[in-house]
Amino acid sequence: MNEYFGYKQDRLFAENVALDDIARRFGTPCYVYSRAALTDGYRQFAEAFKSREHLICYAVKANSNLAILNLFARLGAGFDIVSGGELQRVLAAGGAASKVVFSGVGKSEAEMRQALEAGILCFNVESSSELDRLNTVAGSMGKVAPVSLRVNPDVDAKTHPYISTGLKQNKFGVAYTEALALYRKAAAMSHLRVTGMDCHIGSQLTETSPFIAAAEKVLALVDQLAASGIALEHLDLGGGLGIRYDDETPPSIAEYAKALLGALQGRSEKIIVEPGRVLVGNAGVLLTRIEYLKHGEEKNFAIVDAAMNDLMRPALYDAYHRILPVVRRQDIPSPQSSPAGGRGGERERQSLLYDVVGPICETGDFFGHARKMAVDKGDTLAVMSAGAYGMSMSSNYNTRPRAAEVMVDDAVVHLVRERETVSQLYAAEKIVA
Ligand code: LLP
């Protein structure tokens, strides 16, 4: 819970709207975002970096809803994209191409053309063959592509192995030891213009030290480049700042910025950062309704109407998300202390340990294990900290239409994505005669 999502008496609110009202009005599963939380997160970044020239490029993959992109665009954000699709979204949401950086190891020719046509700020290039392709594509369009190389600093981000990206064995970036040679190669190509250097070492980092270690390695390279006559205009230090899901204690945005700016003291390059999770993660929750309670021999299950297709982080990373009842119930004493125990409905409302699971036929389809809750069927739960990598990683597995998304603004609720319909899911499919 934070200042945007919290209880008033026994009802959980997003800003000034009760979440049980949202569940009734829009149905479940439903993602709920707080406009104030999104705005405040962005403003904290802008404030923390204001002492020097900077650009905050929101990592679109964390949550790509147009309403969120539009909100950040209006606050002055740039965007970090990883596909032509994300570029199209940014433009549709009113974002400026001139503030877009394009990351990713596998950019296609079509994506390069699209980005050159739009006039993006920079391509974060991740390999020697990508330099060749980009030079050819830009040449064929009579354009010059602005590039930075994503350097792999070989720093341990100390995060989940699936989201750690800055180690030698990861597929990301160019090897630290090859970076200088590749910069020389890029500088000699007629349709590329070297403008910056980039690194991103992983996601959900809860300490500042790996960021600083990476920045220092990158800066040493920038100095070597300058000595060989290649001066850079910007440094992109990636994203990765973690959030609190459970009992983590990540640095605040201000502490993170202070540490980075400390490492950059006395330098004149423009700073780019690519935050994703920290801007949206705790600005969103997923509402889901309990369909059934099932009291097994060893475990109690709360079977809910959301599933791993809606929020796959627990299934994929064994990620922890808090789960809160949207309306708190009075805990009924357990049967040992109350002879009334077991009477119709009452067992249901005792505070018990539940595995909160979805309806999909996979054991990985869970949101949490052994969560103590006093709940009954029909109750609504809020899966907390679901604003980042929730909806954006959702799928239609089991032909489940994706959830509705709403944005709360003080006491007003805006539907920002309608719930999908099943016929939309197979609209592009054809039966063979
Ligand atoms: N820049 C680049 C090049 C990235 O690859 C990423 C995230 C970011 C920025 C933003 O990182 P953030 O500030 O959000 O940590 N699906 C996973 C997270 C994957 C992160 C991938 N890259 C999860 O749900 O935890």
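Residues numbered from 1 in each chain as written. Predicted model: local features only at pLDDT ≥ 70, side-chain atom pairs only at ≥ 80, totals over all residues. Heavy atoms only, no water.

Right, let's get into the overall build of the protein. Along the backbone of the protein there are 13 helices and 21 strands. Rg of the C-alpha trace for the protein: 24 Å, near the compact-globule value of 22 Å for 433 residues, within the 12% margin. With the C-alpha coordinates of the protein rotated into their principal frame, the extents come out at 85 × 60 × 40 Å. Taking as baseline every contact in the protein between residues at least 6 positions apart, the subset at least 24 positions apart corresponds to 69%. Carbon and sulfur atoms provide 49% of the accessible area of the protein, an area that totals close to 18,900 Å². Charge centroids of the protein, computed over 47 positive and 51 negative side chains, lie 2 Å from each other. (Helix = DSSP H or I, 4+ residues; strand = E, 2+ residues; numbered from the N terminus. Rg over C-alpha atoms; globule rule 2.2 N^0.38 Å. Contact = heavy atoms within 4.5 Å. Areas by Shrake-Rupley, 256 points an atom, 1.4 Å probe, with all protein chains shown as cover. Lys, Arg positive; Asp, Glu negative; His and termini not counted. Charge placed at Lys NZ, Arg CZ, Asp CG, Glu CD.)

Let us look at helix H6 (residues 128-140). For H6, with 13 residues, the first-to-last C-alpha span of 19 Å sits near the 18 Å given by 1.5 Å per residue. Of all the residues in H6, the buried ones are Glu-130, Leu-131, Leu-134, Asn-135, Val-137 and Ala-138. Elements that come into contact with the buried residues of H6 comprise helix H5 (109-118), strand E8 (122-125), strand E9 (145-152), helix H7 (179-187) and strand E11 (192-198). Positive phi shows up at Gly-142, right after H6, with a value of about 65°. (Expected span 1.5 Å × (residues − 1). Buried < 20%, exposed > 50% of the residue type's maximum accessible area, 1.4 Å probe, protein only.)

Turning next to the domain arrangement of the protein. Segmenting the protein into domains produces domain 1 (5-32 + 282-425) and domain 2 (35-277). Computed over C-alpha atoms only, the centres of domain 1 and domain 2 are separated by 35 Å. Contacts between domain 1 and domain 2 engage 21 residues on the former and 20 residues on the latter. Together domain 1 and domain 2 conceal approximately 1,900 Å² of surface at their shared face, both sides included; 53% is due to carbon and sulfur atoms. Considering only the surface of domain 1 that becomes buried against domain 2, Tyr-317, Tyr-389 and Met-407 emerge as the three largest contributors, covering 29% of it. A salt bridge links Asp-409 to Arg-35, with the shortest nitrogen-to-oxygen separation between them at 3.2 Å. Of all the secondary-structure elements, those providing two or more residues to the side of domain 1 that touches domain 2 are helix H11 (313-317), strand E20 (404-409) and strand E21 (412-417). Of the residues forming the side of domain 1 that touches domain 2, the biggest block, four residues, is contributed by E20. For the side of domain 1 that touches domain 2, the class distribution of residues is nine nonpolar, six polar and six charged. (Domains from an automatic or database assignment. Buried area = accessible area lost by both parts, 1.4 Å probe. Salt bridge = Lys/Arg side-chain N within 4 Å of Asp/Glu carboxyl O. Nonpolar A, V, L, I, M, F, W, Y, C, P; charged D, E, K, R; others polar.)

Bringing the site of the ligand into the picture now. Not every one of the 19 residues close to the ligand is listed here, only the nearest: Ser-203, Glu-274, Arg-313, Tyr-317 and Tyr-389. At 3.1 Å from a nitrogen atom of the ligand is found a side-chain nitrogen or oxygen belonging to Asp-80. Here an oxygen atom of the ligand sits 2.6 Å away from a polar atom, N or O, in the side chain of Arg-313. Protein burial of the ligand: of its 590 Å² of free accessible surface, 92% is covered by the chains. Tallied by class, residues from the shell around the ligand come to six nonpolar, seven polar and six charged. (Near = heavy atom within 4 Å. Polar contact = N/O pair within 3.5 Å; in protein donor to acceptor, adjacent residues only side chain to side chain.)

Moving on to empty space enclosed by the protein. Within the structure shown, the criterion is met by one cavity of 30 Å³ or more. Space inside the largest cavity adds up to approximately 40 Å³. Looking at the largest cavity, the residues that line it are Cys-199, His-200, Ile-201, Phe-211, Ala-214, Leu-237 and Gly-239. (1 Å grid on protein atoms, 1.4 Å probe; cavity = no way out; pocket = protein on both sides within 12 Å on 5 of 7 lines; lining within 4 Å. Points joined across faces, edges and corners; volume = space filled by probe spheres on them.)

Let's shift gears to the nonpolar core. Ranked by size, the top nonpolar core spans 126 residues in total, and within it Ile-22 and Phe-123 carry the most contacts. Per-element accounting of this core gives the leading share, nine residues, to helix H8 (residues 209-227). In this view, Ile-22 contacts Val-17, Gly-27, Cys-30, Val-32, Leu-287, Val-406, Val-408 and Val-413; residues no more than four positions away in its chain are not counted. (Core = buried A, V, L, I, M, F, W, Y, C linked by side-chain atoms within 4.5 Å.)

With that settled, consider the side chain of Glu-274. By secondary structure assignment, the location of Glu-274 is in the loop between strand E13 (270-273) and helix H10 (277-280). There is no salt bridge for the buried Glu-274, and the closest opposite charge comes from Arg-150, which lies 6.5 Å off by N-O distance. Within the local environment of Glu-274, its side chain forms a polar contact with the side chain of Asn-124, the two groups lying 3.3 Å apart. Other than its neighbours up to four places away in sequence, Glu-274 contacts Cys-57, Ala-59, Asp-80, Val-101, Ser-103, Asn-124, Asp-198, Asp-236, Gly-238 and Gly-239.

So, about the packing of helix H2 (residues 35-48) against helix H9 (residues 253-263). Relative orientation of the contacting elements H2 and H9 amounts to 30°, with a least axis distance of 9 Å. Viewed along their axes, H2 and H9 adopt a mutual orientation that is roughly parallel. You can see that H2 and H9 cross each other, and the crossing is right-handed. Here Gly-41, Gln-44, Phe-45 and Ala-48 of H2 come into contact with H9, specifically with Ile-253, Ala-254, Tyr-256, Ala-257 and Leu-261. Tallied by class, residues from the contact of H2 with H9 come to seven nonpolar, two polar and no charged. (Axes fitted to C-alpha atoms, helices over the stretch in contact; angles between N-to-C directions. Parallel < 35°, antiparallel > 145°, perpendicular 65-115°, else oblique. Left-handed = near helix turned anticlockwise from the far one by under 90°.)

Right, let's talk about the pairing of strand E1 (residues 5-8) for a bit. With four bridges connecting them, E1 and strand E2 (residues 11-14) associate as antiparallel partners. Directly across from Lys-8, in E2, lies its bridge partner Arg-11. In this antiparallel pair of consecutive strands, E1 and E2, the connection spans two residues, and Gln-9 shows a positive phi of 50°. (Pairing = 2+ DSSP bridges.)

So, on to the confidence of the model for the protein. Scored by pLDDT, the protein comes out at a mean of 94, with 96% of its residues at no less than 70. Taken element by element, the predicted model of the protein shows its lowest mean pLDDT in helix H12 (residues 346-349) (62) and its highest in strand E4 (residues 30-34) (99). Under a pLDDT of 50 for its full length, residues 337-344 has, in the predicted model, six contacts with residues more than four places off or in other chains. (pLDDT = per-residue confidence, 0-100.)

So, about unusual backbone geometry. The omega torsion of the bond from Thr-28 to Pro-29 falls at -5°, within 30 degrees of zero and hence cis. Phi at Glu-15 takes a positive value of approximately 45°, unusual for a residue other than glycine. Judged by its relative accessible area of 14%, Glu-15 is buried. Here the phi dihedral of Ser-385 falls at roughly 55°; this positive angle occurs in a residue that is not glycine. If you trace the backbone, Ser-385 turns up in the loop between strand E19 (380-383) and E20.

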